[in-house]
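# Structure at a glance
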Amino acid sequence: MEVRKPYIKSIPYEEWKDNETLDKLVDELQEGGTNVVVGSLDKLINWGRANSLWSLTFATSCCGIEFMACGCSRYDFARFGFEVTRNSPRQADLIMCAGTITHKMAPALKRLYDEMAEPKYVIAVGGCAISGGPFKSSYHVVKGIEEIVPVDVFIPGCPPRPEAIMYGMMQLQRKVKVEKFFGGANHKQTKEERELGVSNEELLARKIGDTRREPIVVTDVPQEFVEELKKEAAV
C-alpha cells in the first residue's frame, strides 16, 4: 500500500534536508509580517511544565510561614505558575520541604516522594531541611533530607526570605526547561531503577555524563531581582 505524503505548498520536500530551508522559510514569513517561533517539541513541553509547577506542601516548622508569604499579594508567586499547591502526592510535581524533618517524620517524607509521579523534584528550604539546622547535634533530627530523597534546589536560611524562596523556585524552572522530556524525564522506570530511589532525569544524566542534574544551591539572591519585586508590589 502506497503512503502518500501530504503536499504543503510552502514546504519544498526535495530541499528538506537541513535547517537552512527552515530558516529561509521563517525569514520569508517574518519579512511579510508573520510572527514565527521555531523550536523543538521538547522545549515546548518543558516550557509548559516549568511554568505550572504544583508543589506538595510539606511545611513542618517556621520556614512554612515564609512559603505562605510567597503566595500573598506582596510577593504573589502566581505570576510564575507556582500558585497551585496540592495535599496529594498524586497531583504534585515537587515537594517543597520547608522545616525540620525528624527521624519519626522521615518515613512519611520518603513515602510521599515515592508516591509522586515522574518527573518529580525536591526543594529543601531552610537550614533544618538542608543540614538539620540548630538541631543537627540532637538525636531525633535528620541531618539533611538529602539522606532520604534527592534534592534539586537548596535554599539556605533560618528562615530564608520569600525572595530567596521565589528565586530558588525560578532556578528549578531553569532546570526543567533544559531537560530531555521524551525518553528522559518521562520514561518508565524498571524495577532496578526504582530501587536506586532517584528520578528519571537523574538516571539519564548519569548514563550520558550530564551535570545539569546537580543540585542548585541558592547562595545569593541578586539585588536586581529583589528591587524588581518591590517595584511590582508597589504598583
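None of the values given here were measured: they were computed from a predicted structure.

Chain-level statistics for the chain give a pLDDT mean of 77 and a share of 79% at 70 or above. Per-element confidence in the chain ranges from a low mean pLDDT of 68 for helix H9 (residues 200-208) to a high of 88 for strand S4 (residues 121-125).

There is a patch of like negative charges on the surface, built from Glu20, Asp23, Asp27, Glu28 and Glu31. As for its placement among the helices and strands, Glu28 is situated in helix H1 (residues 19-31).

Attention shifts here to empty space enclosed by the protein. Scanning the entire structure with this criterion turns up one cavity of 30 Å³ or more. Here the largest cavity is characterised by a volume of approximately 40 Å³. For the largest cavity, the full set of lining residues is Ser61, Cys62, Cys63, Gly126, Gly127, Cys128, Gly157 and Cys158. The dominant element in the lining of the largest cavity, judged by the number of residues it contributes, is helix H5 (residues 126-131), at three residues. A breakdown of the residues in the lining of the largest cavity according to their chemical character gives four nonpolar, four polar and no charged.

For the structure shown, the criterion picks out three salt bridges. Across the pair Lys110 and Asp114 runs a salt bridge, and its minimum N-O distance is 2.9 Å. Of this pair, Lys110 and Asp114 both sit in helix H4 (residues 106-115), separated by four residues, roughly a single helical turn. With relative accessibility at 26%, the residue Lys110 sits in the partly exposed group. Close ionic contact of Arg161 with Glu163 constitutes a salt bridge, the shortest N to O distance being 3.0 Å.

A few words on the side chain of Lys175. Locating Lys175 in the fold gives a position in helix H6 (residues 162-177). The class for Lys175 is buried, based on a relative accessible area of 6%. Within polar-contact distance, the side chain of Lys175 engages the backbone oxygen of Asp152 at 3.4 Å.

Moving on, we get to the packing of aromatic side chains. Taken as a whole and assessed by the stated rule, the structure comprises three aromatic pairs. Ring plane angle 80° and centroid distance 6.3 Å describe the contact between Phe77 and Phe82, whose orientation is recorded as edge-to-face. Each member of the pair, Phe77 as well as Phe82, is classed as buried. Following the ring pairs from residue to residue traces out a cluster consisting of Phe67, Phe77, Phe80 and Phe82. The ring of Trp54 has Arg86 lying over it, and the distance from NZ or CZ to the ring centre is 4.7 Å. Lying over the aromatic face of Tyr113, Lys120 brings its terminal NZ or CZ to 4.2 Å of the ring centre.

The rules behind these values
Residues numbered from 1 in each chain as written. Predicted model: local features only at pLDDT ≥ 70, side-chain atom pairs only at ≥ 80, totals over all residues. Heavy atoms only, no water. pLDDT = per-residue confidence, 0-100. Helix = DSSP H or I, 4+ residues; strand = E, 2+ residues; numbered from the N terminus. Patch = residues over 30% accessible without salt bridge, like charges linked within 9 Å, V, L, I, M, F, W, Y side chains within 5 Å. Areas by Shrake-Rupley, 256 points an atom, 1.4 Å probe, with all protein chains shown as cover. Salt bridge = Lys/Arg side-chain N within 4 Å of Asp/Glu carboxyl O. Lys, Arg positive; Asp, Glu negative; His and termini not counted. Charge placed at Lys NZ, Arg CZ, Asp CG, Glu CD. 1 Å grid on protein atoms, 1.4 Å probe; cavity = no way out; pocket = protein on both sides within 12 Å on 5 of 7 lines; lining within 4 Å. Points joined across faces, edges and corners; volume = space filled by probe spheres on them. Nonpolar A, V, L, I, M, F, W, Y, C, P; charged D, E, K, R; others polar. Buried < 20%, exposed > 50% of the residue type's maximum accessible area, 1.4 Å probe, protein only. Polar contact = N/O pair within 3.5 Å; in protein donor to acceptor, adjacent residues only side chain to side chain. Phe/Tyr/Trp six-rings, centres within 6.5 Å; stacked < 30°, edge-to-face > 60°. Lys NZ or Arg CZ within 6 Å of the ring centre and 35° of its normal.

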